[in-house]
Amino acid sequence: MKTIKKTSLLLLAALFLILGGCATNTKDNNTTNSKKEKQVLNLAADSEMDTMDTTISTTNFTPMNNVFEGLISYDLSGKLIGGNAKELPEVSEDGLVYTFDIREEANWSNGTPVTAADYLYAWKRMVDPANGSGYAYLFSGILKNAEEILAGDKNIDELGVEAIGDKTLKVTLEQPVPYFLDLLTIPSYFPQNEAFVTEQKENYGLDAELTIYNGPFTLSDWTAAKGDSWKYIKNDAYWDKDSVKLEEINTQIVKEVGTGINLYESGQLDSIKLSGNFVPQYKNNEDFKTTNKAWIYYLELNQEVPELANKNIRKALMLSIDRQTFTENVLQDGSEPIFGHVPQGLAKNPETDKDFREDAGDIGSFDVEEAQKSWNEGLKELNKDEITLELTTSDSEDSKKLAEFIQSEYQKNLPGITIKVRQMPDNSRLDNVKKGEYQMATTYWLADFADPINFIERFDTEINRGNYSFTDVDQLIEESNQQFNDLSTRWKTMIQAEKSALGEHYVDVPIYQTAEPYLEKSYVKDIYRPVFGSRSFKYAYVDSSK
């Protein structure tokens with residue numbers, strides 16, 4: 001059974017183009033006090049929305065997550081619950097067939113019912129090769145026949161999804177996928193109303209009035225042509241409208257943090273994300289908060305480079321970086337050191353509810369003495385006294401900081417090493433890494449679904465960008481994808497795969513798990529901020545007693 005492959009990194013960055021929050025030490029002015037009595041929030045967004053068509057968009061996941069809803073959703077604690085589906089589905093013994101019963105009260109914002117046919121239509125649009133959907137790969141190798149349909153080898157009607165009457169959806173998978181329900185929370189798997197989409201033709205999703213909604217909110221005052229602001233309005237047609245407390249969310253594009261802070265201080269914003277030098281400036285503010293993200297930075301090592309093909313050299317590189325100093329004294333944004341690939345908060349043990357990172361533990365440490373021992377052994381094996389390596393990095397602020405820190409740590413802790421830093425735009429860096437035209441490179445990976453395999457499969461021979469192949473790692477990854485009916489064993493297999501790749505072969509060097517720093521006014525309550533995925537305002541409210 002083949003491992004499900006991931007082919008796009010930059011697209012997934014769209015999962016984190018989400019709304020942030022801001023606050024300061026100043027007292028709220030009269031405008032804010034009067035606004036607090038109403039269930040209204042004023043928020044900032046990072047970028048414009050180009051479309052609300054879930055088939056096309058690769059960047060607008062937070063807005064889509066709040067105006068649409070899929071079969072499955074998350075509650076405020078992050079637990080999977082029924083969304084449009086009445087409850088979690090019935091699953092066949094072999095893990096291939098899922099049967100969903102759609103709520104009778106699930107409706108679109110124009111009053112028409114949400115039906116199984118709406119999912120059938122939307123998913124077929126996603127895998128139709130003519131549409132070129134950016135997230136179609138999330139269906140390939142997952143829904144039965146999706147891969148062949150995308151390749152043009154099978155007809156779209158052969159997709160493994162069937163509407164049984166108006167309110168029952170039967171889904172057949174290509175192979176057991178333990179994280180399938182998590183995938184259903186991504187907008188690419190949301191429904192579309194065929195009659196409405198067809199009526200709007202190419203204009204569908206380009207205007208608030210040319211879009212139909214089935215989520216907690218509807219959009220207002222927005223067009224793609226002039227998309228620098230919009231409103232979320234409570235959707236009275238939503239099946240769970242009684243859980244939605246906010247009546248309105250006013251949103252405007254704020255690209256500069258300084259601008260956002262000024263808007264906050266004047267009472268025009270309730271929240272804003274922080275970055276750069278603003279993080280240490282506001283770190284002691286009582287409203288300063290951080291949220292861990294399922295996004296790790298690590299050092300890619302190209303094992304086609306003779307020096308990096310040496311395991312002792314790779315081990316020395318793993319052990320000679322003081323990650324704690326980097327996150328605490330350089331980034332200062334709540335990011336945490338990481339000694340593994342699977343980030344904290346992504347997934348929990350199916351039996352014990354223990355976090356994967358806690359179960360797996362730290363793989364490696366900061367140990368200069370042990371690093372130098374391995375370094376000297378590696379130099380001896382290579383018959384060299386010194387090594388020069390090129391470190392490729394992007395030209396973003398955080399990437400520059402990371403590259404400079406790595407350069408300093410290696411040249412300080414490993415006698416005889418010289419690190420030359422090459423900076424370039426991130427797209428160019430990624431292209432070079434994909435082509436293998438690098439020696440070492442700072443890189444990152446962020447979750448596109450909440451399962452450890454999404455990170456661990458990066459070690460697979462066919463996927464990794466370090467040009468290595470270790471049979472034991474490949475075998476463990478393959479085994480984990482065959483253990484759907486024994487989730488406890490699968491969990492242990494994934495832990496062993498990570499330990500083998502990083503603790504025995506030292507295939508790359510994990511550095512840190514990112515965090516999102518923000519400031520938020522005390523009266524803003526229960527915005528759902530998951531480690532993975534988009535923020536939700538369904539449960540949010542304004543506490544006017546604060």
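A quick note: this is a predicted structure, and the numbers were derived from the prediction, not measured.

Rules used throughout
- Residues numbered from 1 in each chain as written.
- Predicted model: local features only at pLDDT ≥ 70, side-chain atom pairs only at ≥ 80, totals over all residues.
- Heavy atoms only, no water.
- Axes fitted to C-alpha atoms, helices over the stretch in contact; angles between N-to-C directions.
- Helix = DSSP H or I, 4+ residues; strand = E, 2+ residues; numbered from the N terminus.
- Parallel < 35°, antiparallel > 145°, perpendicular 65-115°, else oblique.
- Left-handed = near helix turned anticlockwise from the far one by under 90°.
- Contact = heavy atoms within 4.5 Å.
- Nonpolar A, V, L, I, M, F, W, Y, C, P; charged D, E, K, R; others polar.
- Phe/Tyr/Trp six-rings, centres within 6.5 Å; stacked < 30°, edge-to-face > 60°.
- Buried < 20%, exposed > 50% of the residue type's maximum accessible area, 1.4 Å probe, protein only.
- Pairing = 2+ DSSP bridges.
- 1 Å grid on protein atoms, 1.4 Å probe; cavity = no way out; pocket = protein on both sides within 12 Å on 5 of 7 lines; lining within 4 Å.
- Points joined across faces, edges and corners; volume = space filled by probe spheres on them.

1. Thoughts on the packing of helix 16 (residues 471–480) against helix 17 (residues 487–504)
Consideration 1: The contact between helix 16 and helix 17 brings their axes to 9 Å, and the two run at 160°. In terms of their interaxial angle, helix 16 and helix 17 are classed as roughly antiparallel. As for how helix 16 packs across helix 17, the hand of that crossing is left-handed. In this structure, helix 16 contributes Asp472, Val473, Leu476, Ile477, Glu479 and Ser480 to the contact, and helix 17 contributes Arg490, Thr493, Met494, Gln496, Ala497, Ser500, Ala501 and Glu504.
Consideration 2: When grouped by side-chain class, the residues that make up the contact of helix 16 with helix 17 number six nonpolar, four polar and four charged.

2. Description of the packing of aromatic side chains
Consideration 1: Enumeration according to the criterion identifies 24 aromatic pairs in this entry.
Consideration 2: Measuring from ring centre to ring centre gives 5.6 Å for tryptophan 295 and tyrosine 444, while their planes differ by 45°; the resulting arrangement is tilted. Separated by 149 residues along the polypeptide, tryptophan 295 in strand 12 (residues 288–301) and tyrosine 444 in strand 16 (residues 440–446) bring together distant segments of the chain.
Consideration 3: Classification of tryptophan 295 as buried rests on a relative accessible area of 17%.
Consideration 4: Looking at tyrosine 444, the relative accessible area reads 9%, which means it is buried.
Consideration 5: What links up through ring pairs into an aromatic cluster is the set Tyr98, Phe100, Tyr119, Trp123, Phe139, Phe180 and Tyr189.

3. Side note on the sheet that holds strand 4 (residues 90–91)
Consideration 1: In spatial order, the strands read 4-5-7-6; together these four strands make up an open sheet with antiparallel pairing. Looking at which strands have only one partner, the edges of the open sheet turn out to be strand 4 and strand 6 (161–164).
Consideration 2: Where strand 4 meets strand 5 (residues 97–101), two bridges bridge the pair, whose relative direction is antiparallel. Within strand 5, the residue paired with valine 91 across the bridge is tyrosine 98.
Consideration 3: Helix-sheet contacts for helix 3 (residues 116–127) involve strand 6 and strand 7 (168–172), and the interaxial angle to strand 6 is about 160°.

4. A word on empty space enclosed by the protein
Consideration 1: Tallied over the full model, the rule gives five cavities of 30 Å³ or more.
Consideration 2: One number sums up the size of the largest cavity: a volume of about 300 Å³.
Consideration 3: Along its surface, the largest cavity is lined by 23 residues, and Asn65, Ser73, Tyr74, Thr185 and Ser536 are the ones closest to its centre.
Consideration 4: Put simply, the parts of the chain that give the lining of the largest cavity at least two residues each are helix 2 (61–67) and strand 2 (72–74).
Consideration 5: Considering only residue class, the lining of the largest cavity consists of 13 nonpolar, eight polar and two charged.

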